[in-house]
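# Architecture and fold: a report
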Amino acid sequence: MKNNQENKEVRVRFAPSPTGSLHIGGARTALFNYLYARRNNGKLILRIEDTDKERSKKEYEDNIMRSLSWLGISWDEGPYRQSERESIYKEYIEKLLKEEKAYYCFCKKEELERMREEQRDRKEPPRYEGKCLSLSKEERERRIEEGKEFVLRLKIPKNEVIEFNDEIKGRVKFDAKDIGGDFVIARSDFSPLYNFVCAIDDFKMQISHVIRGEEHTSNTPRQIIIQKMIGAKTPHYAHISLILGRDKKKLSKRDAAVSLEDYKNEGYLSQAISNFIALLGWHPGGEREIYSLKEMEQLFSLKDCQKVGAIFDTKKLEYMNGQYIRKMNLDDLTKKCIPYLINDNLISQKKDEKEGSTDYKVSETGEDMDFEKLSSIVSLYQERMKKISEIKDIADDFFKENVLESKDILSWKDMSKENLIESLEKGIRVIESVEWEKSVLEEELIKEANTQKDRGRFLWPIRAALTGKKASASPFDVIWVLGRKTSLKRLRMAINALN
Ligand code: GLU
C-alpha cells in the first residue's frame, strides 16, 4: 500500500457511527468533508464506524446514507464497515503486543475506581499509570489461562507531549497525562475500541485530512500516538467548532435531536439545509448568504472556518428555506406540496382508467381537482411559505365545503350586520356580471371598494367569507382561483350565516 507520506491526493472521510439517524451536526461534518474533497479534486470516503455492536443498527446506516444522498452528498469510496475489517485491527493489535507497545491489563473496575479517587485527592488528572506493566510473562499467561478478564492498553512513553496543527484552531498541545495515561485499545476478545480503529483506518485508507467536530479534539492526541506506534504518518486535522443554540449555549436537545429526515418531512428543501449547515462554521466572506451546493464546492476552504461556536438559528433556516421555495419552479413546488395535502386528507389521488392520467379529488366536496388547479392554489402562497408543510394550513380553505367556522370573522371595524350583508351582496353582483378575466375582475372589485370611505368595508368581508381566515392571499387571487361558482356559493353561505 502507498504510504501517506508520498500521497499528495486529498482523501477525506465521513465516519459516522450508525447508532442513530443523521442529525444536523453529523450532516455538517459530512458536508464539510464533501466540499473539501470536491474543492481539492480529492476523494470522500464513507466509513461506517460500527464497532459498538449493541448500539449499531442497519436501519441507522440506511438512514445516514439516505440523508446524505438527499443532501446531494456523494462519496467516492465505501461504505467501508469497521465490523468487516476486524482481521486488520487484530493484526495490528498482535503486532503492538509483540513489540511490547501494548500490554494486558487485568485491573478490575473497583481497583481502577480507587486509583482514580487517589489521583483526584492528589489533584492529578485521572489516568492509568501502568500497574499491569510490571506483570511477568508467566503471571500474565497464567491469568489469561484462568480466563481472567482483561483489556489491552497502549504503553505510552513517559512525558509524551502531543502537538498538532489544527487547520481551524491552530496549534493544539496535549500532555499524555491529560489523556488518561495508558488508554485501552481493545477488550478481552480483542475487539478494538474507537480510537484504535479510527487511527488504523485513517492510516489504511490513506486519509490526508481528518475534518470532524470539535468534540473529537481530545481523541486526536490518542490517535496520533497510535499512528506513531504503528509507523504511520499522521493526517492533517481540522476540528469544526461546536454548534450552539441562539442563547450561545449548547444546542438544545430539541434542535440537536432533529434528524435530517425530520427536516425533510417538515418541508425543508435539501438545498436550503445544505446551504444553512455549511454556514454553521464556514463563511467565504461578504454579506451573501445564499449559495448552491455547486458554488460551495468551488468556494469551500478550511481557512474560512471559524474558531468560535456556530449559532443555530431556526429563524434563519426558515428564512433560507423560504428563499429556496421562491426560486422553485411552480410545477416542482406543487409536486412537493401535494403529499402534504394528501396526508392531511384534504385531497386524495384518483387513478383514472386512462393509463398514466392521474387526477385528484377533494376529500370533503368530492369534486375533481387537476394539477393545474392545485398549482394555481400553490402559486398564491409561494411567496410566503417558509416550509412546504405549511401549505396544508395556509391553503386548506380551498378544499373545504364550508370555510366559515364562525361569522365573527366577517366583521370589519364597526360595520353592522346589514352593512356586511350589503358588501357581500355587492361582491356577488360584481362576480356574477364581470367578464371572467383576472385583470377585469380585480379592476371591478377595486372600483367597488373605492366607493366606500374605507376599502376594507368592502374587501374584508368578502375575503373572510371566501377563506374563513384572518390572513390569506388577496380576495382577487382567491376568487380567481376558486372560480366564479364556488366564490358565489361561499359569499351566499356567509350571508346566510349572518341572517
Ligand atoms: N464515529 C465517530 C462519530 O460518529 C466519528 C469519528 C471521527 O470522525 O473520527 O462521532
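Everything in this summary refers to the structure shown in the same document. Predicted, not measured: the structure shown is a model, and the values here were computed from it. (Residues numbered from 1 in each chain as written. Predicted model: local features only at pLDDT ≥ 70, side-chain atom pairs only at ≥ 80, totals over all residues. Heavy atoms only, no water.)

### Quick word on the overall build of the chain
Basically, it comes down to this: Secondary structure elements are defined from DSSP: runs of H or I of at least 4 residues count as helices, runs of E of at least 2 residues count as strands, and each element is numbered from the N terminus. Note that the radius of gyration is over C-alpha atoms, with the globule rule given as 2.2 Å times the number of residues to the power 0.38. Residue exposure (1.4 Å probe, protein chains only): buried if accessible area is under 20% of the type maximum, exposed if over 50%, otherwise partly exposed. A contact between two residues is defined here by any heavy atoms of the two lying within 4.5 Å. The Shrake-Rupley method, run with a 1.4 Å probe, gives the accessible areas here. Residue values count only the displayed protein chains as cover. Just so you know, the count uses Lys and Arg for positive and Asp and Glu for negative, and it drops His and the chain ends. Charge coordinates come from a single atom per side chain, which is NZ of Lys, CZ of Arg, CG of Asp or CD of Glu.
Summing up its helical and strand segments, the chain has 20 helices and 15 strands in all. Taken over C-alpha atoms, the radius of gyration comes to 32 Å for the chain, far larger than the 23 Å a tight globule of 499 residues would show. Principal-axis analysis of the C-alpha atoms gives the chain an extent of 105 × 50 × 45 Å. Counting all 499 residues of the chain, 49% fall into the buried class. Across the chain, every contact between residues at least 6 apart in sequence was considered, and the portion connecting residues at least 24 apart equals 76%. Accessible area for the chain stands at about 25,200 Å²; split by element, carbon and sulfur atoms hold 46% of it. Looking at the chain, you have 92 positive and 88 negative side-chain charges, and the mean spots of the two groups are 3 Å apart.

### Examining the packing of helix H3 (residues 86-98) against helix H6 (residues 194-204)
Short version of the rule: With axes taken as lines fitted to C-alpha atoms, and helix axes fitted only over the stretch in contact, angles between N-to-C directions fall between 0 and 180 degrees. Oblique is the label for any angle not covered by the other classes, which are roughly parallel (under 35 degrees), roughly antiparallel (over 145) and roughly perpendicular (65 to 115). Residues are grouped as follows: Ala, Val, Leu, Ile, Met, Phe, Trp, Tyr, Cys and Pro are nonpolar; Asp, Glu, Lys and Arg are charged; all remaining types, including Gly, are polar.
As a packed pair, H3 and H6 sit with axes 10 Å apart at the nearest point and diverge in direction by 105°. Between H3 and H6, the angle is such that the two are roughly perpendicular. Facing H3, whose interface residues are Ile88, Tyr89, Tyr92, Ile93 and Leu96, H6 presents Phe196, Val197, Ile200, Asp201, Phe203 and Lys204. Partitioning the contact of H3 with H6 into residue classes produces 9 nonpolar, no polar and 2 charged.

### What to know about the environment of Asp396
Note the following rule: As used in this structure description, the phrase polar contact means that two N or O atoms lie within 3.5 Å; if the pair is within protein, one of them must be able to donate a hydrogen and the other to accept it, and residues adjacent in sequence are counted only when both atoms belong to side chains.
Mapped onto the elements of the fold, Asp396 is located in the loop between helix H15 (391-394) and helix H16 (417-433). Since its relative accessible area comes to 14%, Asp396 is described here as buried. The spacing of Asp396 and Glu113 is 283 residues in sequence and 62 Å in space, taken between C-alpha atoms. The residues touching Asp396, leaving out its near neighbours within four places in the chain, are Leu346, Ile391 and Lys469. In this structure the side chain of Asp396 is engaged in a polar contact, spanning 3.2 Å, whose partner is the side chain of Lys400.

### Comments concerning the packing of aromatic side chains
Stated formally: We call Phe, Tyr and Trp rings a pair once their centres come within 6.5 Å, taking the six-membered ring for Trp, and we label the pair stacked below 30 degrees between planes, edge-to-face above 60, and tilted otherwise. Lysine NZ or arginine CZ positioned within 6 Å of the ring centre and within 35 degrees of the ring normal marks a charge as sitting over the ring.
Counted by the stated rule, this structure contains 11 aromatic pairs. Ring pairs connect the aromatic residues Phe32, Trp282, Tyr291 and Phe300, which therefore count as one cluster. Here the guanidinium or amino end of Arg153 rests over the ring plane of Tyr128, the centre of that ring lying 3.7 Å away. The ring of Trp460 carries the charged tip of Arg463 above its face, separated from the ring centre by 4.8 Å.

### Some words on the pattern of salt bridges
Put simply, the rule is: We define a salt bridge as a contact between a side-chain nitrogen of Lys or Arg and a carboxyl oxygen of Asp or Glu at a distance within 4 Å.
Applying the stated criterion across every chain yields a total of 49 salt bridges. Residue Lys148 pairs with Glu146 through a salt bridge whose shortest N-O separation is 2.9 Å. For Lys148, a relative accessible area of 38% translates into the label partly exposed. According to the relative accessible area criterion, Glu146 is partly exposed, its value standing at 43%. A salt bridge links Asp414 to Arg457; its shortest N-O distance comes to 3.6 Å. One end of the pair, Asp414, is in the loop between H15 and H16; the other, Arg457, is in helix H18 (residues 456-467), with 43 residues separating them in the sequence. Note on Asp414: relative accessible area 65%, which makes it exposed. One network of salt bridges, in which partners are shared, links Arg13, Arg47, Glu49, Arg85, Asp201 and Asp202.

### Quick look at the state of the cysteines
Stated precisely, the cut-off is as follows: The disulfide definition used here is simple: a pair of cysteine sulfur atoms within 2.5 Å.
Enumeration over the complete set of coordinates arrives at 0 disulfides. No disulfide involves Cys132; its sulfur sits 3.6 Å from that of Cys107, the nearest cysteine. With no disulfide of its own, Cys305 lies closest to Cys198 among cysteine sulfurs, the gap being 19 Å.

### Considering the site of the ligand
Heads up, the rule is: Here a residue counts as near a molecule or strand whenever at least one of its heavy atoms sits within 4 Å of it. Here a cavity means grid points, on a 1 Å grid over the protein atoms only, where a 1.4 Å probe fits yet cannot get out; a pocket means an open set of points with protein on both sides within 12 Å along at least five of seven lines; lining residues are those with an atom within 4 Å of a point. Any molecule with more than half of its atoms within 2 Å of a cavity's or pocket's grid points is counted as sitting in it.
Every residue lining the ligand is accounted for by Arg13, Ala15, Pro16, Ser17, Glu49, Tyr194, Cys198, Arg212 and His216. Take Ser17: an N or O atom from its side chain is 2.9 Å from a nitrogen atom of the ligand. Measuring from an oxygen atom of the ligand, one finds a side-chain N or O atom of His216 at 3.0 Å. Its free accessible area being 300 Å², the ligand has 79% of it covered by the protein chains. Cavity membership is defined here by more than half of the atoms lying within 2 Å of grid points; on that basis the ligand lies in the largest pocket. In terms of residue class, the shell around the ligand is made up of 4 nonpolar, 2 polar and 3 charged.

### Describing helix H1 (residues 24-39)
As a reminder of what qualifies: Working rule for helices: expected span equals 1.5 Å times residues minus one.
Here H1 spans 22 Å end to end across 16 residues, near enough to the 22 Å set by a 1.5 Å rise per residue. Of all 16 residues in H1, 12 are buried; the element is thus mostly enclosed. Within H1, burial applies to Ile24, Ala27, Arg28, Thr29, Ala30, Leu31, Phe32, Asn33, Tyr34, Leu35, Tyr36 and Ala37. Where H1 terminates, the next one or two residues include Asn41, which has phi positive at roughly 50°.

### What to know about the layout of surface pockets
Empty pockets left among the atoms are what a rolling probe the size of a water molecule brings to light. Defined as follows: Grid points are joined across faces, edges and corners, and a volume is the space filled by probe spheres set on the points.
Taken as a whole, the largest pocket encloses approximately 1,300 Å³ of empty space. Ser17, Gly25, Gly26, Glu215 and His216 are, among the 44 residues lining the largest pocket, the residues nearest its centre. Elements with a contribution of two residues or more to the lining of the largest pocket: strand S1 (11-14), H1, H6, strand S9 (209-213), helix H7 (219-229), strand S11 (243-244) and helix H8 (253-256). Here the lining of the largest pocket gets 5 residues from one element, more than from any other, and that element is H1. Partitioning the lining of the largest pocket into residue classes produces 17 nonpolar, 15 polar and 12 charged.

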